[in-house]
Amino acid sequence: PGRLVTMAPKAAPPKLADDTVLAFRQDNPKRSGTKAHERYEQYKAAKSVAEALRMGALRPDITNDVKMGFCSVADGASAAAAPPPAA
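1. Considerations on the nonpolar core
Right, on to step 1. One finds Leu22, Phe24, Tyr40, Tyr43, Ala46, Val49, Ala52, Ala57, Ile62, Phe70 and Cys71 forming the largest nonpolar core, which totals eleven residues.
Right, on to step 2. In this structure, alanine 57 is in contact with Tyr43, Ala52 and Ile62, ignoring residues within four places of it in sequence.

Below is the structure:
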């Protein structure tokens, strides 16, 4: 008989703080006609997790978008940590 192999569960991605700076793809990668596609259209201009949530994203949307490469997390990750603009 076959051998049963037990695999460790994948670690959950770290939860992104609300002030995490994001950049979403502007071309909607979601399947047209789905609720996810509709939501993406509403939040794709967001620049942070909090803004995306206010614009209609669900936390699992954001987590999935990062995982799938539809959204990138800015280096430094926090709007509060961003350096002031140069004079």
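Picking up where we left off.
2. Description of helix α3 (residues 59-68)
The α-helix advances 3.6 residues per turn, and as a result positions three or four apart in sequence lie on the same side.
Right, on to step 1. Along α3, the residues classified as buried are Asp61, Ile62 and Asp65. All buried residues of α3 project into a common sector of 95° when viewed along the axis, lining one side. For α3, the exposed residues set more than 90 degrees away from the buried face come down to Pro60 and Lys67.
Right, on to step 2. Immediately downstream of α3, the backbone of glycine 69 shows phi near 85°, a positive value.

3. Let's talk about the environment of aspartate 61
Right, on to step 1. Position of aspartate 61 among the secondary structure elements: in helix α3.
Right, on to step 2. With a relative accessible area of 8%, aspartate 61 lands in the buried category.
Right, on to step 3. Taking the C-alpha atoms as reference, aspartate 61 lies 8.7 Å from arginine 39; in sequence the two are 22 residues apart.
Right, on to step 4. When residues no more than four places from it in sequence are discounted, the contact partners of aspartate 61 are Arg39 and Tyr43.
Right, on to step 5. Within polar-contact distance, the side chain of aspartate 61 engages the side chain of arginine 39 at 2.7 Å.

4. Topic: the packing of aromatic side chains
Two descriptors summarise a pair of aromatic rings, namely the distance from one centre to the other and the angle between the planes of the rings.
Right, on to step 1. Overall, the coordinates contain three aromatic pairs when judged by the stated rule.
Right, on to step 2. When the ring of phenylalanine 24 is compared with that of tyrosine 40, the centres are 6.0 Å apart and the planes differ by 85°; the resulting orientation is edge-to-face. Taken together, the positions of phenylalanine 24 in strand β1 (residues 20-24) and tyrosine 40 in helix α1 (residues 35-43) put the pair 16 residues apart, joining distant regions of the chain.
Right, on to step 3. Accessibility expressed as a relative area gives 0% for tyrosine 40, which makes it buried.

5. As for the confidence of the model for the protein
Right, on to step 1. Looking at the protein, the pLDDT average stands at 83 and 70% of residues meet or exceed 70.
Right, on to step 2. Here residues 78-87 is modelled with pLDDT under 50, and outside its nearest four sequence neighbours on either side it reaches seven contacts, counting other chains as well.

6. Quick notes on the environment of glutamine 26
Right, on to step 1. Tracing the chain through its elements places glutamine 26 in the loop between β1 and α1.
Right, on to step 2. Residue classification places glutamine 26 among the partly exposed positions, given a relative accessible area of 45%.
Right, on to step 3. It is 7.4 Å that separates the C-alpha atoms of glutamine 26 and alanine 45, two residues lying 19 residues apart in sequence.
Right, on to step 4. If near-sequence neighbours (up to four positions away) are discounted, glutamine 26 is found in contact with Lys44 and Ala45.
Right, on to step 5. Here phenylalanine 24 takes part through its backbone oxygen, which lies 3.0 Å from a polar atom of the side chain of glutamine 26.
Right, on to step 6. Here the side chain of glutamine 26 touches lysine 44 through a polar contact of 2.8 Å, landing on its backbone oxygen.

Definitions and limits used
Residues numbered from 1 in each chain as written. Predicted model: local features only at pLDDT ≥ 70, side-chain atom pairs only at ≥ 80, totals over all residues. Heavy atoms only, no water. Core = buried A, V, L, I, M, F, W, Y, C linked by side-chain atoms within 4.5 Å. Buried < 20%, exposed > 50% of the residue type's maximum accessible area, 1.4 Å probe, protein only. Contact = heavy atoms within 4.5 Å. Helix = DSSP H or I, 4+ residues; strand = E, 2+ residues; numbered from the N terminus. Arc of directions from axis to C-beta. Polar contact = N/O pair within 3.5 Å; in protein donor to acceptor, adjacent residues only side chain to side chain. Phe/Tyr/Trp six-rings, centres within 6.5 Å; stacked < 30°, edge-to-face > 60°. pLDDT = per-residue confidence, 0-100.

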